[in-house]
Amino acid sequence: MNLAYIPSPSTGVIELGPIPLRGYAFCIIIGVFVAVWFGNKRWVARGGTAGTVADIAVWAVPFGLVGGRLYHVITDYQLYFSDGENWVDAFKIWQGGLGIWGAVALGAVGAWIGCRRRGIPLPAWADALAPGIAFAQAIGRWGNWFNQELYGKETDLPWAVKISEGANRVAGTYHPTFLYESLWCVGVALLVIWADRRFKLGHGRAFALYVAAYCAGRGWIEYLRVDEAHHVLGLRLNVWTAIVVFVLAVVYMIVSAKLRPGREEIVEPAAVKAPKDEAADADGEDGKDGTASGGSTDSTDAEGSTNTEDTKTSVPDAAGAGAKEPGDGAGATPQKAEKS
């Protein structure tokens, strides 16, 4: 008998008046906000403009949700299109079922559109967002806990999760794979942050490191799961996906490091142009002040001109006296400057 375990919530829905607040959706929403908030901090630190990450996320997030759901429905089509199943359930995203592979793939398409509209490189934006995505996954995995889904094999470990009797599940204590993956994603985020600071990763390599590190963990965590899945050569489909994507990410890091070493100096041209424009405006203001100062000088010159007129008036007298004061030549200089 297992005396210690992680209890599962009795329900995945909290009724907030007439509005049902679903734990799964709540975790996804919090994860998105954390990713955007942390990504914005990293983007600004790299020289970008505050708010750019959120503007691009407006494109990336909807694409990512659609891509994640499509991957899940396609790879687990029997849950929706088999005899006795209702295909309408494929649209009930709040009941769980988002494939991270599809979410990242189609989300990248949305991000590419957003980056194109802002005139910034997608790899740089992805690097800034990479650890935030890992943190978002760590939070989002707790949605599986609310839904009592995607658990592992039976176990009597003290950190096992207790699953209650329900549709397509048997009561018992199982490996909390949602917890394993959540902790792994936190570790991935910290790894990317450290590596990025240590090696100055750029041109998409921080994002590639996140992908490779996540796949390494997803492989063994997926192996523990007991939910229904398609198998290829004895391995679950998601295990093969993790292996292939891991290899592609590592190859990208190696090739990218050779072709484009270092990090981008400018990630958002508009952020560099804005200070220059402000400096130009400031110079313009200084020019205006200079003009005003020039006006003050003219005023002084005008005063000097008055003195010159006085001097000119006195010249005939001086000539008649047969003498010329040394200061008369100096008095003519401001008058000449005024005419020019």
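That block above? That's the structure.
Residues numbered from 1 in each chain as written. Predicted model: local features only at pLDDT ≥ 70, side-chain atom pairs only at ≥ 80, totals over all residues. Heavy atoms only, no water.

A. Structural view of the side chain of Q137. In this fold, Q137 is placed in helix α5 (residues 122-140). In terms of polar contacts, Q137 uses its side chain to reach the side chain of Y210, at 2.5 Å. (Helix = DSSP H or I, 4+ residues; strand = E, 2+ residues; numbered from the N terminus. Polar contact = N/O pair within 3.5 Å; in protein donor to acceptor, adjacent residues only side chain to side chain.)

B. Region of the structure containing helix α1 (residues 23-45). Given a rise of 1.5 Å per residue, 23 residues ought to cover 33 Å, and the 33 Å separating the end C-alpha atoms of α1 matches this to within 8%. Within the sequence span of α1, burial applies to G23, Y24, C27, G31, A35, V36, F38, G39, R42 and W43. Buried positions along α1 lie against β2 (19-22), α2 (52-75), α5, α6 (142-147) and α7 (177-199). Just past α1, the residue G47 takes up positive phi, approximately 105°. (Expected span 1.5 Å × (residues − 1). Buried < 20%, exposed > 50% of the residue type's maximum accessible area, 1.4 Å probe, protein only. Contact = heavy atoms within 4.5 Å.)

C. View of the environment of H203. Secondary-structure assignment places H203 in the loop between α7 and α8 (205-224). Its relative accessible area of 15% is what places H203 among the buried residues. Excluding anything up to four places from it in sequence, H203 contacts P123, D127, Y252, S256, R260, P261, G262, R263 and E264.

D. Local environment of the nonpolar core. W43, W101, W125, V192 and Y210 are the most contacted members of the largest nonpolar core, which totals 37 residues. Counting 8 residues, the second-largest nonpolar core is a separate cluster that includes W145, Y174, F178 and L179. (Core = buried A, V, L, I, M, F, W, Y, C linked by side-chain atoms within 4.5 Å.)

E. Region of the structure containing the packing of α5 against α7. The geometry of α5 relative to α7 is characterised by a closest axis approach of 8 Å and an angle of 165° between their N-to-C directions. When the interaxial angle is binned, α5 and α7 end up roughly antiparallel. Judged by the twist between their axes, the crossing of α5 over α7 is left-handed. Contact residues: A130, P131, A134, F135, Q137 and A138 in α5; E181, S182, C185, V186, V188, A189, L190, V192 and I193 in α7. Taken together, the residues of the contact of α5 with α7 sort by class into 12 nonpolar, 2 polar and 1 charged. (Axes fitted to C-alpha atoms, helices over the stretch in contact; angles between N-to-C directions. Parallel < 35°, antiparallel > 145°, perpendicular 65-115°, else oblique. Left-handed = near helix turned anticlockwise from the far one by under 90°. Nonpolar A, V, L, I, M, F, W, Y, C, P; charged D, E, K, R; others polar.)

F. Quick peek at the pattern of salt bridges. The final tally for this structure, using the stated rule, is 15 salt bridges. The residue D196 makes a salt bridge to R46 at a minimum N-O spacing of 3.2 Å. With D196 in helix α7 and R46 in the loop between α1 and α2, this residue pair connects regions lying 150 residues apart in the sequence. Accessibility expressed as a relative area gives 12% for R46, which makes it buried. Two residues, R118 and D55, come together in a salt bridge whose shortest N-O distance is 2.5 Å. On the criterion of sequence distance, the pair formed by R118 in helix α4 (residues 100-118) and D55 in helix α2 is long-range, its members being 63 residues apart. What you see here is one network of salt bridges that share partners, running through R141, E181, R218, E222, R225, D227 and R236. (Salt bridge = Lys/Arg side-chain N within 4 Å of Asp/Glu carboxyl O.)

G. Geometry of empty space enclosed by the protein. If you walk through the whole model with that rule in mind, you get 1 cavity of 30 Å³ or more. Here the largest cavity defines a volume of roughly 30 Å³. Together, R141, N144, L150, T177, F178, E181, I221 and R225 line the largest cavity. It is α7 that provides the largest number of residues to the lining of the largest cavity, a total of 3 residues. Counted by class, the lining of the largest cavity contains 3 nonpolar, 2 polar and 3 charged residues. (1 Å grid on protein atoms, 1.4 Å probe; cavity = no way out; pocket = protein on both sides within 12 Å on 5 of 7 lines; lining within 4 Å. Points joined across faces, edges and corners; volume = space filled by probe spheres on them.)

Taken by themselves, the reported measurements are silent on function.
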